[in-house]
Every structure is written in structure tokens, then in C-alpha cells.
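# Observations on chain architecture
So the chains spell out like this:
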Amino acid sequence: MFSSTNRTVVVVGAQWGDEGKGKLVDVLAERADWVVRYQGGANAGHTVDLGDLSFVLHQIPSGILHRGVRCAIGNGVVLDPDTLFTEIDELVSDGIDVEGRLYVSERAHLVLPYHKLVDGESAHTQSIGTTGRGIGPAYEDKVARRGVRVLDLRNSARLRELVTSGAEHANMQLAGFGSQKRADVDKTIAMLDRLAERLLPLAEDVAFRVYQAMKSGAAILLEGAQGSLLDVDHGTYPFVTSSSTTSGGAAIGVGLPPTAIDAVLGVVKAYTTRVGSGPLPRWTRRWRSEFARSATSSGRRPVARDAVGGSMPSSSAMRRASMA
């Protein structure tokens, strides 16, 4: 995939996620100098098998498993700092060298305990089938300009101000849900103080770092989470994720100009599935029979399959619903 003209490549899922992007990224990462994650959070999970060892990576790009490849988490990601270091410690215990190879954008927003609390107590997020890991609420705080970024860990007074504002808003939401649970500012600050010692040394201006690498001719692989049909703008709204999962989101989520992207690789699978709730198009019985008759009359063996069983609506039913 990398060539003299294709130096910056984006890998995207072309469906609703779970297309096997992680496996492809792992293969391409062998030839990359940088692998950068550009959106999503700890909801994504890439399982990579290396002989007797199996690694499950939720936030760290799978390029970390290849010696000499540098990895970065871009500003478009909402970072769960607690689980990040769980991943790092597991990699180190399995003999993977992480030191000096992993960078975190100082502009990346943090997923905090009260985001997870709100996500878990919200009937709305449960109805659309989110993972409940605080990703949506963290993106909400980002857009509402009350989010906490990695760089805020450098200023304790500013950090407390932001966490207090975020916790107050979360508690209002929790009260509106009828929940008795509440966010705790002091516990959140204590957690961040504990993690800051490890997180701040990883903090970098990732956009500048990757741009420098691009200008030097490095092979750069940009990877996202989920799939294009879960894009917050272009997906099956409102049954979508909270970020831009398409290739356009790569430029924003890393901090590169769109013209820097040389190629986009879309990953599909032969059957369609989706995580969570929402419409899922499938063959109807009439379409299958028409396809079979057409294929038989042309001498081709019919290969259509009903991708999903159960009571999911057909595409025609979805169109009728959308016009209602």
C-alpha cells in the first residue's frame, strides 16, 4: 500500500465497524514509520495474535507491536487515561517496548469517571446501544467547551476549575435521570494527579510531530475506530458514534491538511453486522427471489445470502419510515 507516491494512508471501516480493520492495520504497520489513531475512544477493540501471545488494544495503535514503529493518539480521540496505562502495563509485561515510541496529543480530551457515570445512567444512550464507557459524554463536554484536555494536567488550579464545572453538569444530568449517583470532584482530581505523572511525559504536539515526519518522507498510517456508517454526520443518525469516522475525520483528528492524505483504504466484510441498536438493511424475500431468477437466467450461480435474521427492518421499510 505504501509507495513513493502513497506515504500517508488512512484505513477506514466501510460499514458499521467490526470489519477487521485491526488485522489490516497490523499488517500495514510492518511497513509504516508511524501509526496514528485519529478518533473514537476505548470502545474500539483490536485483537492481534502474535504466535503464542494475543493482545487486545483499545486505544494504543497496533503498530506498537512492531519494533521501531512510532505510535500516536491524536487530538480527535477522547482518551481514557486509566485504561491507557492498563494497556501499556500489559504490553510491557509481555515484553513489548513502549518507551519513547508512544505519543499522546496534548489536545486530546479525557474521559473521566463522571462521563462513565452519566453514560451508564442515561436511558437514551442505553436505547441506542452505546458501550457505556463515557465516550459520548466526553465528546459532549468537548463541544460544549467544558472538557478536560491532557495539557490541562499541567495547571492544577485550571484543572480543578474544569473538573468542578464538568462534575456539576454531570450531577445535573444524573438528577434529571432520577439517579441517586453523583460525581465526586475530589476523587476525580486525585485520580488525575496520580495519572499525570505518567501521562504528561507522553504528551506531545502530535500534529506537529506527524507533520514533520510527513515532510521527511515517512510512511504514516492513520487508523480510526468503528465504521463509516457510524459517522456522526454521515451515518445512520441518531444510531451513530460521537465522532467523524470517515477519512475526512483523519485530517481533523490528527491535525494534518486534507491534501496530506495520499490514499484511503476502505475495509469491508462479506456479511454485514452492526453493534448496538438501529436500522440494518438486509435482503427481503422478494429481492432474493428476483436476484436468484436473474442470476439463473444469466447462467451465474446465485450467491445472495440473508445477512441478518430476526426482526430487523428491511431497506424498503426503512425508506418508508424515513419518509413518514
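Everything discussed here concerns the structure shown above.
A brief look at the structure comes next.

Rules used in this analysis
Residues numbered from 1 in each chain as written. Predicted model: local features only at pLDDT ≥ 70, side-chain atom pairs only at ≥ 80, totals over all residues. Heavy atoms only, no water. Helix = DSSP H or I, 4+ residues; strand = E, 2+ residues; numbered from the N terminus. Expected span 1.5 Å × (residues − 1). Buried < 20%, exposed > 50% of the residue type's maximum accessible area, 1.4 Å probe, protein only. Salt bridge = Lys/Arg side-chain N within 4 Å of Asp/Glu carboxyl O. Core = buried A, V, L, I, M, F, W, Y, C linked by side-chain atoms within 4.5 Å. Contact = heavy atoms within 4.5 Å. Pairing = 2+ DSSP bridges. Axes fitted to C-alpha atoms, helices over the stretch in contact; angles between N-to-C directions. Polar contact = N/O pair within 3.5 Å; in protein donor to acceptor, adjacent residues only side chain to side chain.

### Some words on helix α7 (residues 185-199)
With 15 residues, α7 extends 20 Å between its outermost C-alpha atoms, agreeing within 8% with the 21 Å of an ideal straight helix rising 1.5 Å per residue. For α7, the complete set of buried residues consists of Thr188, Ile189, Met191, Leu192, Leu195, Ala196 and Leu199.

### Section: the pattern of salt bridges
Summed over the entire model, instances satisfying the criterion amount to 10 salt bridges. With a shortest N-O distance of 3.2 Å, Glu19 and Lys21 are connected by a salt bridge. Per residue, the accessibility class of Glu19 equals that of Lys21, and both read buried. Note that Lys181 is salt-bridged to Glu121, the shortest N-O span being 3.3 Å. Linking Lys181 in the loop between α6 (156-177) and α7 with Glu121 in helix α3 (residues 113-121), this pair joins segments that are 60 residues apart in sequence.

### Looking at the nonpolar core
Among the nonpolar cores identified, the biggest contains 54 residues, and Ile64, Leu84, Leu91, Leu110, Leu199 and Leu221 are the most heavily contacted of them. Residue contacts for Leu199: discarding those within four places in its chain leaves Leu79, Pro81, Leu84, Phe85, Val104, Leu110, Val150 and Leu153. One finds Val36, Ile220, Leu256 and Ala260 within the second-largest nonpolar core, a separate group that totals 20 residues.

### Remarks on the sheet that holds strand β10 (residues 220-223)
Sheet architecture is open: 7 strands sit in the order β9-β7-β5-β2-β10-β1-β11, paired in parallel fashion. Whereas interior strands pair on both sides, the edge strands pair on one side only; in this sheet they are β9 (203-204) and β11 (263-267). Strand direction decides the pairing type here: strand β5 (residues 70-73) and strand β7 (residues 102-105), joined by 3 bridges, are parallel. Paired with Ala72 across the bridge in β7 is Tyr103. Across the sheet, helix α1 (residues 21-29) touches β1 (8-13), β2 (34-37), β10 and β11, and the angle it forms with β1 is around 165°.

### With respect to the side chain of Ser179
Of note, Ser179 is situated in the loop between α6 and α7. What makes Ser179 buried here is its relative accessible area of 7%. Among the polar contacts listed, one links the side chain of Ser179 to the backbone nitrogen of Lys181, at a separation of 3.1 Å. Leaving out residues up to four positions away in the same chain, Ser179 has contacts with Glu121 and Leu174.

### Brief notes about the pairing of β1
Counting buried positions along β1 yields 6 of 6 residues, so the element is predominantly enclosed. Burial of the side chains of β1 extends over both faces: Thr8, Val10 and Val12 are buried on one face and Val9, Val11 and Gly13 on the other. One ladder, built from 4 bridges, connects β1 with β10; its direction is parallel. Pairing of Val9 across the sheet is with Leu221, part of β10. With 5 bridges joining them, β1 and β11 adopt parallel strand pairing. Within β11, the residue paired with Val10 across the bridge is Val264.

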